[in-house]
Amino acid sequence: MGVVSLVFGILLTFFTQGALAKPIKVGLVLDKGGRDDKSFNAAAFKGATEAKEKYGIDLKVVTASDDAAIEPSLRTFARRGYDLVIGIGFVQGNALEKVAREFPKTQFLIVDAKVALPNVRSVLFNEHEGSFLVGAIAALTTKTKVVGFIGGMDIPLIRRFEIGYRAGVQHINPKVQVITNYVGSTSDAWKNPMKGKELALSQYKKKADILFAAAGASALGSFDAAEELGKQIIGCDSNQNWIKPGHVLTSMLKRVDVAVFNAIKSKTEGTFEAGEFDLGLKEGAVDFALDTFNRSILTPAVEARTNEIKNQIIDGKIKVPDYYDTLRSGAKKKNA
Amino acid sequence: MKKLFSALKGPVAGVALSLAVCAGLLALLGESPYVLLEALQSTLFTSFGLGYTLFYATPLIFTGLAVAVCFHCGLFNIGAEGQLYVGSVGIIVIGSLFPNLPGALALTFGVAAAFLFGGLWGGIAGFLKAKRGSHEVIVTILLNFVGIALANYLILYPLRNQTVQNPETVELSAPYFLPTLFESTGLFESTPVNLALLLAVLTACFMFFFLFRTAWGYELRAVGASNRASEFAGISVGRNTLLAMFIGGGLAGMVGVNEVMGHQHKLVEGFSPQYGFTGIAVALLARNHPIGILLSAVLFGALHNSAREIEFLSDKVSKELSLVLQGLIIAFVASHYLLENTLKRRKKGAA
Amino acid sequence: MKGPQIEFVHVSKTFGAVQANRDVSFTIAANSLHGVVGENGAGKSTIMKILYGLYTADSGEIRIDGKPVKLQSPHEAIALGVGMVHQHFMLVPTLSVWENIILGQEPTRGRLHRHTILQKLSALQEQYGFSLDLEKTIEELPVGHQQQVEILKLLYREANVLILDEPTAVLTPQEVDTLFEKMHALWKQGKSIVLITHKLREILRFTDNITVMRQGAVVETVAAKGLEERTLAEKIVGRKLATLPTRQSHPKREEVLQVLNLGVAGKYGKPALDHVSFSIHRGEVVGIAGIEGNGQHELVEVLSGVNRSYEGSARLLGQEYNQVPAYTAKQNGLSVIPPDRHREAVVLEFSLAENFVLGHHREDRYGRNGYLSPTKLSRHADALMERFDVRPRNAHLPMSSLSGGNQQKCVVARELSQSRTDFLLAAHPTRGVDIGAIEFIHQQFLLERDKGAAILLISSELEEILSLSDRILVLYEGRVVGETTPSKTSEAQLGLWMTGATA
């Protein structure tokens, strides 16, 4: 499996005891989107399933259909003696913190949020780095010199995508225009494909020929728009190249699957580490996707140039702007 | 006793029948029907499960009452969903205006704010109905959109907590916190069920008293049962319409007491899993009787809670089974009432 | 075709716990004028609906010309020549007369031969002496003509037995005469007419044989000839009836109600009440005669405090109606028996106990500071039910479970048991009420009058108005078109005024 080759971290121990002892129990709580969102939650589900196949763990996946259901779901896992409980998405941060505090012997993984407890592993991704790469790809490929960005919910996390993407575009050609739209500012913005399609259509109408859609299930509408108008689009989180082959230029990968897989793996191997992990290009945690579905539209020249930029970022030669930094400095200014 | 039995007969039969049908469905899907019982058992008879059941039941008591009190006045309040958001916002607004009140006063202010804000929101529909004859169903449905949008605006902009990703308001100050029952009694192991439950039970008892033992409740019910007879009795239809919608809205607003003061201590965008609409079912099952609403709210709380249990217990069926169960109960109970009414009418036609 | 002989043989019918018909046996002779009388709930409508195929009997049988028949639906009844005109007409208001007549018999395929139908109908009209305009829509016709459409409909279906259920309830005296003339003509041509009514005078005048029913069973079938109205009434209720007390004196005393140039806007810019003026004194009963829809409704609304936007003036004991909250007026001597019992006088879903305080529910005697004491309510109810003989004696029953007569007794009990009644507004107080209850209600009114109450009686029963009133006003198109006293007038005279003929 390709995934294994992309594994980050330095986890070497052979699984010695795991196979003999009772299988470890892993509970995964997905958020509203559910395992079929083809994006963020789907990635987590994929990572967990792969780990189950590989390590024979006892895996249970539940979906918190509303925010009120998150805490009891996490708590039920902890109460039932699950060894590792995984929460996906920043929305689960608060609830997971409460539950983790009450169950110090259980270990937790939270993706996309920071929980500073000794039994919690917090994994955050440098989305801006990956976005910078796909921004560069868009700028290298566009013919109209106009590209678009469609964000889901207007929150700092998605702004981080936007700013990275914008910087990537301008790194290649400062003259390329970037149109930006957000689906909304409430959590409904993640599941509104109608609006996702509308925004895409209007951006294409304004001459954009490539869009980057970081909008959860709403992005599926944008994919439809790309297919309808014969334009191109860039996927997000999971590898979405297969959704509309020939129209998906690439996908900005956020390897939630790897984060989940590795956490389970380290748990089975007894090397689980709590703490905060910021993972980026260097660790292979964010990347751009290249496979048979987009091989024909992503030219080798563009690929070479992108890989070059990628290395420059890893080496620190290119500094990608991080929206979180601007936020922090903004807050400081305010305080001063 | 006999009266109680005949009142409970319909709902109990409906619930039993629904469980039987769901058990049949489970068998068809190749799952042990026992899963259903196990899920209900753990949601009702374990202290953890019961804690969450009661936590969900609390807002349903409020919204059930919100629907019922309007029903008694002949009004169909479909606006509880909007009213509960506006009431919840009210708590945050008052909480941020007066952060440093002493404990008892803060709690009073918080509860009063929830009631008043929700009440004003419901009152709009009552006012329009009384003055302009606008149909309350249409108005309350539309005010749901407006109320939720208004609440979202306040959550996203003026009251927003800028330090977190999730759209939520700043936190209340500590005097506004209602203790959870776990904190105050050690029961219900760390579930969020809180003192708002007690408030809800008291409110239901008070509403029973208000509706059936006071002249105001009498007038309200008279208007609901017969507009014309009320006018001839010198009872103002308009004033009672306004009053019912105000009280209904206020009761829905009290959901915020449970959610904001008792649980989150802040208002989170989209927190309600449609408590306002489930309240309609809760009231229907209880035939709008305040005490019955206590029971039916617990039942619906348990069903909502059992969704998670079902997901934990079974790989073959999804938690939507609990929605099927809720739907079946509503359908069976409603058809039972329908049948009963038809029979009654037949009998009357005979005389 | 002659109206056949119809026999009911031991027919019984129960609905749940109610025995509607018990072992009913009687015969309607061929080509006869037959009356069926009884109080509400005596089972007269049920037995006729069994004959018409609307209900099926539990036991017993019906024989038409000696042959036992099983009637499962009105269609089968019609096929055997039995037709029924219901109290509430079954007509489509927006369709024309001829369309209504053929409705249900129209050809389901092919063309509607309007011309042929019209020809056939005209022939029918000529044969039976009708003169309806077949092209008019039902809503354009007066009630009396609508009824004729119903009858013509049955004739078109070749009915030989016509059952009329309370046909005169909605008619003016003149229309009643016309109806009976027409029915008589039909009888002469061989049809049988069965008349169900509670108006004894009519049944005595029109029919030959009368079947009296009580509590689901037949009391007896008697010849109408030579029968006294009073005797018949006593057969119906099954006991002797008291005579109304005659009044002792007519002192002209204090003016209680004063109405001056009262005006209320109506539909289409036409006033519903137009400069109505009258007054009522203590100890006086004023009757308002008129065909329904001539302003009675609006007058009731003003004088009960429901309508507060009127022109002119209406004063109760010197107080202008719209200056006093309606609830307060009710505490200050205003008693109202509204015209529509089910919608206006009682709350059907409420218990009897709750209904007994309607309009007085804030009084301290039922509980202080807004509290309504259930024990006080039921004690109050028990006392009233005893005094006014309301059955069954169970204050916790919903009002809807009572018979019409008992419901009306509850209303009268409530309105006449207040601390004082200065003015009693009674609109159709005995409508749909059986004879025993009518007698009782009338007695109560006269008692109040003698205690000094002013009474305004609005009724479509001229008999009632003539027997109770001291003075009679006739209302026509919102105006008072005549004033008289019972001794100086007759039903015929009043009937003329009611249709707008000037005195």
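Along each chain, residue indices are assigned from 1 in the same order as the chain's sequence is written. To label them, take the chains in the order written and letter them from A, then take the ligands in the order written and number them from 1. Totals for whole chains, interfaces and linings use every residue, but because this is a predicted model, local features are given only for residues with pLDDT of at least 70 and side-chain atom pairs only at 80 or more, for both listing and counting.

S.K.: Go over the overall build of chain C with me, naming the residues and quoting the values.
M.R.: The helix and strand inventory of chain C stands at 17 helices and 20 strands. Each radius of gyration reported is based on C-alpha atoms, and the globular scaling rule is 2.2 Å times the count of residues to the power 0.38. Relative to the globule expectation of 23 Å for 503 residues, the C-alpha radius of gyration of chain C, 25 Å, shows essentially globular dimensions. Exposure classes come from backbone-placed C-beta atoms, where a residue is buried if 20 or more other C-beta atoms lie within 10 Å of its own, exposed if 12 or fewer do, and partly exposed in between. Residue burial in chain C is summarised as follows: out of 503 residues, 44% are buried. Of the contacts made within chain C by residues no fewer than 6 positions apart, 69% connect residues no fewer than 24 positions apart. Only DSSP runs of H or I reaching four residues or more are called helices, and only runs of E reaching two or more are called strands; each is numbered from the N terminus. Throughout, a residue-residue contact means that the two C-beta atoms, derived from backbone geometry, are no farther apart than 7 Å.

S.K.: Hey, could you go over the overall build of chain B for me, with residue numbers and the actual values?
M.R.: On a plain count of helices and strands, chain B comes out with 15 helices and zero strands. Radius of gyration (C-alpha) of chain B: 21 Å, near the 20 Å computed for a compact globule of 351 residues. When the 351 residues of chain B are sorted by exposure, 57% land in the buried category.

S.K.: Outline the interface of chain B and chain A, listing residues and values.
M.R.: Across the contact, 16 residues belong to chain B and 19 residues belong to chain A. Going through the elements one at a time, helix 3 (47-72), helix 6 (136-156) and helix 14 (290-313) of chain B are the ones with two or more residues in the side of chain B that touches chain A. For the side of chain B that touches chain A, the leading source of residues is helix 14 of chain B, giving three residues. Among the residues making up the side of chain B that touches chain A, the classes are represented as eight nonpolar, five polar and three charged. Under the grouping applied here, Gly and all other residues not named as nonpolar or charged are polar, the nonpolar ones being Ala, Val, Leu, Ile, Met, Phe, Trp, Tyr, Cys and Pro and the charged ones Asp, Glu, Lys and Arg.

S.K.: So what's going on with the nonpolar core? Residues and values would help.
M.R.: With 365 residues, the main nonpolar core has Leu211 of chain A together with Leu456 of chain C as its most contacted residues. The biggest single contributor to this core is helix 3 of chain B, with 16 residues. The term nonpolar core refers to a group of buried residues, namely Ala, Val, Leu, Ile, Met, Phe, Trp, Tyr and Cys, whose C-beta atoms join them within 7 Å.

S.K.: A description of the environment of threonine 241 of chain B should follow, citing residues and the corresponding values.
M.R.: Residues and elements named next belong to chain B. Residue placement: threonine 241 occurs in helix 11 (residues 237-253). Taking the number of C-beta atoms within 10 Å as the measure of exposure, threonine 241 has 26 and is therefore buried. For the pair threonine 241 and phenylalanine 182, spaced 59 residues apart in sequence, the C-alpha separation works out to 40 Å. Non-local contacts of threonine 241, meaning those with residues more than four positions away in its chain, are made with Cys73, Leu75, Gly126, Lys129, Ala130 and Val223.

S.K.: Before we move on, can you summarise helix 4 (residues 114-128) of chain C with the specific residues and values?
M.R.: Working rule for helices: expected span equals 1.5 Å times residues minus one. Compared with an ideal rise of 1.5 Å per residue, which puts 15 residues at 21 Å, helix 4 of chain C spans 21 Å between its outermost C-alpha atoms and is within 8% of the ideal. One or two positions beyond helix 4 of chain C, positive phi appears at glycine 129 of chain C, with a value near 75°.

S.K.: I'd like a description of the packing of helix 2 (residues 34-45) of chain B against helix 14 of chain B, backed by residues and values.
M.R.: In a pair of packed helices, the angle between the axes and the distance between the axes together describe the arrangement. Residues and elements named next belong to chain B. Contact geometry for helix 2 and helix 14: axes closest at 8 Å, N-to-C directions at 125°. One way to sum up the angle between helix 2 and helix 14 is to call them oblique. Crossing hand, helix 2 versus helix 14: right-handed. Contact residues: helix 2 offers Val35, Glu38, Ala39, Leu40, Ser42, Thr43 and Leu44, while helix 14 offers Ala302, Asn305, Ser306, Glu309, Ile310 and Leu313. When grouped by side-chain class, the residues that make up the contact of helix 2 with helix 14 number seven nonpolar, four polar and two charged. Orientation is described by lines fitted to C-alpha atoms, with helices fitted over the stretch in contact, and by angles between N-to-C directions that extend from 0 to 180 degrees. Angles below 35 degrees are treated as roughly parallel, those above 145 as roughly antiparallel, those between 65 and 115 as roughly perpendicular, and all remaining angles as oblique. Each crossing is labelled by how the near helix is turned from the far one, with a counterclockwise turn of less than a right angle marking it left-handed and a clockwise turn marking it right-handed.

S.K.: Describe in detail the confidence of the model for chain C, supporting the description with residues and values.
M.R.: In the predicted model, chain C carries a mean pLDDT of 88, and 96% of its residues have values of at least 70. Under the prediction, the complex receives an ipTM of 0.88, its pTM being 0.83. Per-residue confidence from the prediction method is given by pLDDT, with values spanning 0 to 100.

S.K.: Break down the interface of chain C and chain B for me, citing the residues and quoting the values.
M.R.: On the chain B side, the residues contacting the 28 residues of chain C number 18 residues. Of all the secondary-structure elements, those providing two or more residues to the side of chain C that touches chain B are strand 2 (18-28), helix 10 (326-331) and helix 11 (341-345) of chain C. Each residue belonging to the side of chain C that touches chain B can be placed in one class, and the counts come to 16 nonpolar, seven polar and five charged.

S.K.: Requested: an account of the domain arrangement of chain C, with residues and values cited.
M.R.: Residue and element names in this part refer to chain C. Start and end points for every domain follow an automatic or database-based domain assignment. We note that the domain assignment places domain 1 (6-237) and domain 2 (255-498) within chain C. Once you take the C-alpha centre of each, domain 1 and domain 2 turn out to be 33 Å apart. Tallying the contact residues gives ten residues for domain 1 and 13 residues for domain 2. Of all the secondary structure elements, the ones that give two or more residues to the side of domain 1 that touches domain 2 are helix 6 (173-188) and helix 8 (229-237).

S.K.: Please set out unusual backbone geometry residue by residue, giving values where relevant.
M.R.: Of the consecutive residues arginine 391 of chain C and proline 392 of chain C, the connecting peptide bond is found in the cis state with omega at -10°. Take proline 392 of chain C: it is sitting in the loop between helix 13 (374-387) and helix 14 (404-416).

S.K.: How would you explain the sheet that holds strand 5 (residues 67-69) of chain C if you had to name every residue and give the values?
M.R.: Residues and elements named next belong to chain C. Paired strands, as defined in this entry, are two strands with at least two bridges between them according to DSSP. The four strands lie next to each other as 2-1-4-5, forming an open sheet whose pairing is antiparallel. Here the strands that pair on one side only, and so sit at the sheet edges, are strand 2 and strand 5. Along the sheet, successive strands turn relative to each other by an average axial angle of 30°, direction set aside. In this sheet, strand 2 lies alongside strand 1 (residues 6-15) in antiparallel orientation, the contact comprising seven bridges. Of the residues in strand 2, the one forming a bridge with isoleucine 6 is isoleucine 28. Packed on one face of the sheet, helix 1 (residues 44-51) meets strand 1, strand 2 and strand 4 (59-64) and runs near 115° to strand 1.

S.K.: Now, about helix 6 of chain C: what can you tell me, with residues and values included?
M.R.: Every α-helical turn comprises 3.6 residues, leaving residues that sit three or four positions apart pointing alike. Residue and element names in this part refer to chain C. Helix length check: helix 6, at 16 residues, gives a terminal C-alpha distance of 23 Å against a target of 22 Å (1.5 Å per residue), a fit within 8%. The set of residues buried in helix 6 consists of Glu175, Val176, Leu179, Met183 and Leu186. The buried residues of helix 6 occupy one face: seen down the axis, they fall within an arc of 100°. Residues Glu181, His184 and Lys188 are exposed on helix 6 and point more than 90 degrees away from its buried face. Those residues of helix 6 hidden inside the fold are in contact with helix 4, helix 5 (143-156), strand 7 (161-165) and strand 8 (192-196). Arc, as used here, means the arc of the directions from the helix axis to the C-beta atoms.

S.K.: Give a description of the environment of alanine 23 of chain B that names residues and reports values.
M.R.: Residue and element names in this part refer to chain B. Tracing the backbone through its elements, the reader meets alanine 23 in helix 1 (residues 2-28). Taking the C-alpha atoms as reference points, alanine 23 and glutamate 320, 297 residues apart in sequence, are found 14 Å from one another. If we skip the residues at most four places from it in the chain, alanine 23 touches Pro33 and Leu36.

S.K.: Describe the confidence of the model for chain B, listing the residues and the values that go with them.
M.R.: With 97% of its residues at a pLDDT of 70 or more, chain B has an overall mean of 91. For chain B, helix 15 (residues 321-350) of chain B is the element with the lowest average pLDDT, namely 76, and helix 11 of chain B is the one with the highest, namely 98.

S.K.: Give a description of the packing of helix 3 of chain B against helix 11 of chain B that names residues and reports values.
M.R.: Residues and elements named next belong to chain B. Contact geometry for helix 3 and helix 11: axes closest at 7 Å, N-to-C directions at 175°. By the angle between their axes, helix 3 is roughly antiparallel relative to helix 11. Where helix 3 approaches helix 11, its residues Phe62, Thr63, Leu65, Ala66, Val69 and Cys70 are matched on the opposing element by Ala244, Met245, Ile247, Gly248, Gly249, Leu251 and Ala252.

S.K.: Mind laying out the sheet that holds strand 6 (residues 146-153) of chain A, listing which residues take part and the relevant values?
M.R.: All names here are of chain A. With mixed pairing, the six strands of this open sheet are ordered in space as 7-6-8-9-10-12. Across the chains shown, the open sheet's two edge strands, defined by having one partner strand only, are strand 7 (177-184) and strand 12 (286-288). On average, each strand axis in the sheet is inclined to that of its neighbour by 15°, with strand direction left out of account. For strand 6 and strand 8 (residues 210-214), the ladder comprises five bridges, and the chain directions are parallel. The residue bridging isoleucine 150 from the neighbouring strand is alanine 213, located in strand 8. In the packing of helix 5 (residues 127-141) onto the sheet, contacts are made with strand 6, strand 8, strand 9 (232-237), strand 10 (248-254) and strand 12, and the angle to strand 10 comes to roughly 170°. Against the sheet, helix 7 (residues 193-205) engages strand 6, strand 7 and strand 8, with an angle of about 160° to strand 7.

S.K.: Got a sec to walk through the arrangement of the chains? Specific residues and values, please.
M.R.: When the two pairs of chains in contact are compared, the highest contact count belongs to chains B and C. In this structure chain A stays clear of chain C, and the shortest span between their C-alpha atoms is 41 Å.

S.K.: Explain the pairing of strand 20 (residues 479-484) of chain C residue by residue, including any values.
M.R.: Moving residue by residue along a regular strand, the side chains alternate between the two faces of the sheet. Residue and element names in this part refer to chain C. Where strand 19 (residues 471-476) lies against strand 20, five bridges are found, and the strand directions are antiparallel. Residue pairing in the sheet places tyrosine 476 in a bridge with arginine 479 of strand 20. Counted between consecutive antiparallel strands, the loop separating strand 19 from strand 20 contains two residues, among which glutamate 477 sits at a positive phi close to 45°.

S.K.: Tell me what's going on with the pairing of strand 6 of chain A, and back it up with residues and numbers.
M.R.: Residue and element names in this part refer to chain A. The buried fraction of strand 6 amounts to seven of the eight residues, a majority that puts the element mostly inside the structure. Two strands pair when backbone bridges link them, and strand 6 and strand 7 are joined in this way by seven bridges, in the parallel orientation. In the sheet register, isoleucine 150 faces strand 7, and the bridge partner there is asparagine 181. Looking down the strands as they point away from the viewer, one classifies a crossover as right-handed if the path from the first strand across the helix to the second runs clockwise. Considered for its hand, the β-α-β crossover made up of strand 6, helix 6 (residues 156-172) and strand 7 is right-handed.

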